[in-house]
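What follows is the residue order along each chain.
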Amino acid sequence: MPEVEKGGPRIPPYLRAWVQRQEDEIERQRQRCVALVAASMGYHYPNPERYDEYAAVCA
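Below is a summary of the structure that appears in this document. (Residues numbered from 1 in each chain as written. Predicted model: local features only at pLDDT ≥ 70, side-chain atom pairs only at ≥ 80, totals over all residues. Heavy atoms only, no water.)

1. Structural notes on the overall build of the protein
Looking only at helices and strands, the protein has two helices and zero strands in total. For the protein, buried positions account for 5% of its 59 residues. For the protein, the accessible area works out to roughly 5,700 Å², and carbon and sulfur atoms hold 59% of it. (Helix = DSSP H or I, 4+ residues; strand = E, 2+ residues; numbered from the N terminus. Buried < 20%, exposed > 50% of the residue type's maximum accessible area, 1.4 Å probe, protein only. Areas by Shrake-Rupley, 256 points an atom, 1.4 Å probe, with all protein chains shown as cover.)

2. Details of a nonpolar patch on the surface
A surface patch of nonpolar side chains, amounting to about 500 Å² of accessible area, comprises I11, Y14, L15, W18 and V19. Structurally, the position occupied by Y14 is in helix 1 (residues 13-40). (Patch = residues over 30% accessible without salt bridge, like charges linked within 9 Å, V, L, I, M, F, W, Y side chains within 5 Å. Salt bridge = Lys/Arg side-chain N within 4 Å of Asp/Glu carboxyl O.)

3. Side note on the pattern of salt bridges
One pass over the full model with this rule turns up three salt bridges. Note that E25 and R28 form a salt bridge whose closest N and O atoms lie 2.9 Å from each other. With E25 and R28 both in helix 1, this residue pair falls three residues apart, about one helical turn. The partly exposed category is assigned to R28, whose relative accessible area is 31%. Here R32 ties to E25 by a salt bridge, and the two come within 3.4 Å at their closest N and O atoms.

Spelled out as structure tokens, the structure:
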């Protein structure tokens, strides 16, 4: 029977990194969809990945 760590089953680092990249891509797609809906209603939705640049331009 395989050993189980305290926090649950052991996940290889490469798999954990792959899952994180997939989750990041899903979040980016969600942000783009929100921005698209906001733009269709006439609102500006700043890109959170470039928010510092946006805030600097608006200040």
